[in-house]
Amino acid sequence: MKRTKAERQSLLKEKIEETPFITDEQLAKYFAVSIQTIRLDRMELSIPELRERIKYVATNQWNETLKALPLEEVIGDIIDLELDKRAISILDITADLVFSRNKIARGHHLFAQANSLAVAVINDELALTAKSEIRFTRQVKAGERVIAKATIEGKEKGLTIVKVNSYVGKEKVFTGIFYMYQSNEQKGEISNETSS
């Protein structure tokens, strides 16, 4: 049964409220209409495009929370953050992030997304990467969306260990372990850890 325009728009508004980072393409499939119909509905309802929704959430929710670096220095858009626990960011692979010949994302952009997320999750004014162990598990191409998920795994020899896994859809494309120096580490804690 085909929905009326008013019904579709009401459901569209609800769907975007419950899943703010859903794409127009996903909405078009969900409602079995064209992408253009979704865009027109969003415009009539004054719902911004995905990129603007992400920026709005990032700016309003995380700007005051981040300590180790300013929000504009994070590579990608932070969509979830719990300091000293976990963080998630999204990076859309655009033409300026890929090699022109083969449209494959340059690895340093994926690393920068993961590394800046590892810094951002630290609840300290200063967090620096002391060491990292990284692995790229598949190529990422122009037009794909990379979702990086960082979790704090613990401490080792005075460094905070942050694990970051990056995905395109459900497929892992990057994994990294980041050993982070923090300025607020207690010297007593560090010497206790190294002596045990």
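Residues numbered from 1 in each chain as written. Predicted model: local features only at pLDDT ≥ 70, side-chain atom pairs only at ≥ 80, totals over all residues. Heavy atoms only, no water.

### What to know about the nonpolar core
Then, in step 1: By size, the foremost hydrophobic cluster in this structure holds 30 residues, and its most contacted members are I93, V140, V146, V162, V164, F178 and M180.
Then, in step 2: Those elements giving two or more residues to this core turn out to be strand 1 (77-82), strand 2 (86-92), helix 5 (107-120), strand 4 (145-156), strand 5 (159-168) and strand 6 (171-182).
Then, in step 3: Excluding residues that lie within four positions of it along the chain, V164 makes contacts with A114, A118, A148, K149, A150, F174, T175, G176 and F178.
Then, in step 4: In terms of nonpolar packing, the next biggest core, distinct from the first, is built from eight residues, L12, I16, F31 and I38 among them. (Core = buried A, V, L, I, M, F, W, Y, C linked by side-chain atoms within 4.5 Å. Buried < 20%, exposed > 50% of the residue type's maximum accessible area, 1.4 Å probe, protein only. Helix = DSSP H or I, 4+ residues; strand = E, 2+ residues; numbered from the N terminus. Contact = heavy atoms within 4.5 Å.)

### Considerations on the packing of helix 1 (residues 5-18) against helix 3 (residues 35-44)
Then, in step 1: One can describe the packing of helix 1 onto helix 3 by two numbers: an axis separation of 10 Å at closest approach and a directional angle of 80 degrees. With respect to helix 3, the element helix 1 is oriented roughly perpendicular. Contacts between helix 1 and helix 3 pair K5, R8, Q9, L12 and I16 from the former with T37, I38, D41, R42 and E44 from the latter. (Axes fitted to C-alpha atoms, helices over the stretch in contact; angles between N-to-C directions. Parallel < 35°, antiparallel > 145°, perpendicular 65-115°, else oblique.)

### Observations concerning the sheet that holds strand 6
Then, in step 1: Here six strands make up an open sheet; going across it, the order is 1-2-4-5-6-3 and the pairing antiparallel. The open sheet is flanked by strand 1 and strand 3 (127-136), the only strands paired with a single partner. Each adjacent strand pair in this sheet contributes to an overall mean axis angle of 20 degrees, direction not counted.
Then, in step 2: Strands in contact with helix 5 are strand 1, strand 2, strand 3, strand 4, strand 5 and strand 6; relative to strand 6, the strand with the most contacts, it is inclined by about 45 degrees. (Pairing = 2+ DSSP bridges.)

### Describing unusual backbone geometry
Then, in step 1: Unusually for a residue other than glycine, A32 sits at a positive phi of about 55 degrees.
Then, in step 2: Even without a glycine there, the phi angle at K157 is positive, about 50 degrees.
Then, in step 3: One can find K157 in the loop between strand 4 and strand 5.
Then, in step 4: Judged by relative accessible area, which is 62%, K157 ranks as exposed.

### Some details on the pattern of salt bridges
Then, in step 1: Evaluated as defined, the whole model comprises 12 salt bridges.
Then, in step 2: The salt bridge involving E82 is made with K85; its shortest N-O contact spans 3.5 Å.
Then, in step 3: Under the relative-accessibility criterion, E82 is labelled partly exposed at 32%.
Then, in step 4: Across the salt bridge formed by E133 and K131, the nearest N and O atoms sit 3.8 Å from each other. (Salt bridge = Lys/Arg side-chain N within 4 Å of Asp/Glu carboxyl O.)

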